[in-house]
Amino acid sequence: MSKVKPLSSVSLDLDNQWSYMKIHGDEGWEKYPSYLDIFVPHVLRVLDDLDLKITFFIVGQDAALEKNHKYLKMIVERGHEIGNHSFHHESWLQTYSREQIEKEIELAEETILKVTGQKTIGFRGPGFSWSNDLLEVLQKRGYIFDASTLPTYIGPLARLYYFWTSGLSKEERKERKELFGTFKDGLRPLKPYHWKLSNNKTLLEIPVTTIPIVKIPFHLSYLLYISSFSMGLMKLYLNFAILMCKITRTRPSFLLHPLDLIGGDQVPELAFFPGMNVQSNKKVEVFKTAIKTLAKHYQLVNMSSHARNIMNKD
């Protein structure tokens, strides 16, 4: 009799072309250029090859544009779950007032529901942004989990690199001053836990998993970077991450982004982004290797299945 594998979740933040341009401070993002017509069929084929169903966190603004409807519906039709990734995709969401947050979550939720037919029950903040007001709004609206935290110490270093390579104004940098979090985020728990809210309610948090103890990220963006030096080194790094998760009984929540799976050969407009010189087929190869490695140790599911499994064991 085979041993039942613990659950691990896989999710993808469906950041569109315009949202990368917006965060980077590039002109023209206000016209909402999109690569969903290219990326969505591409990633769905890859996920079908792996027989893998995941959670796509969708930006409400994309659901509001008719040109994207066909592709967002495809995600649901292929059996994947939809999550809320805010409406405007602003990484300074934690600076919003309570009223602004309520409008942001509600508008995204209703727009996504209208297009996909799915009511979102999970949320991830753009740029891993969150606040107590946000958590209380999510709980009030019936969400069963938040997935906005990234427990790592290297967030400020990532922010410095991002500012260095972008064309942001002084005001835009100030607006994004907490992008990717602070050193204190490295002290946050790795395992799922419940936030205790001021209304005496709770909300489940499923952090994006980093390597236990050292808290260095190992989601796909990092694996791709390491693979650019050596596939063998990438596999060693991933296996070390999995070993540490198993030792500490941490069930991973594995994160993907569109640019992890598609290169400048298919989206030349974003060729200036780090890693976009890597061809799409190479990125898919790394992704499939990572997923097959994770699947040896875990049953890979979408995030609400992961959340319900945690709550049933509480």
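Going by the structure above, here's the rest.
Quick summary incoming for the structure in this document.

### Describing the pattern of salt bridges
According to the stated counting rule, one finds 12 salt bridges in the structure shown. One salt bridge connects Arg 124 with Asp 13, and the closest N-O pair in it is separated by 2.8 Å. Taken together, the residues Arg 124 in the loop between strand S4 (122-123) and helix H6 (132-140) and Asp 13 in strand S1 (residues 7-13) connect sequence positions 111 residues apart. Asp 13 sits in the buried class, given a relative accessible area of 3%. For Asp 49, the salt bridge goes to Lys 288, with nearest N and O atoms at 3.3 Å. One end of the pair, Asp 49, is in helix H2 (residues 36-50); the other, Lys 288, is in helix H11 (residues 280-295), with 239 residues separating them in the sequence.

### A word on the nonpolar core
Counting residues in each nonpolar core, the largest one holds 61 residues, and the members touching the most others are Phe 56, Phe 254 and Phe 287. For Phe 287, the residues in contact, after removing those within four places along its chain, are Val 46, Leu 47, Leu 50, Leu 52, Leu 220, Leu 256 and Leu 261. In this structure, Tyr 96, Ile 105, Trp 130 and Val 137 belong to the second largest nonpolar core, which totals 16 residues.

Reading the values: the criteria
- Residues numbered from 1 in each chain as written.
- Predicted model: local features only at pLDDT ≥ 70, side-chain atom pairs only at ≥ 80, totals over all residues.
- Heavy atoms only, no water.
- Salt bridge = Lys/Arg side-chain N within 4 Å of Asp/Glu carboxyl O.
- Helix = DSSP H or I, 4+ residues; strand = E, 2+ residues; numbered from the N terminus.
- Buried < 20%, exposed > 50% of the residue type's maximum accessible area, 1.4 Å probe, protein only.
- Core = buried A, V, L, I, M, F, W, Y, C linked by side-chain atoms within 4.5 Å.
- Contact = heavy atoms within 4.5 Å.

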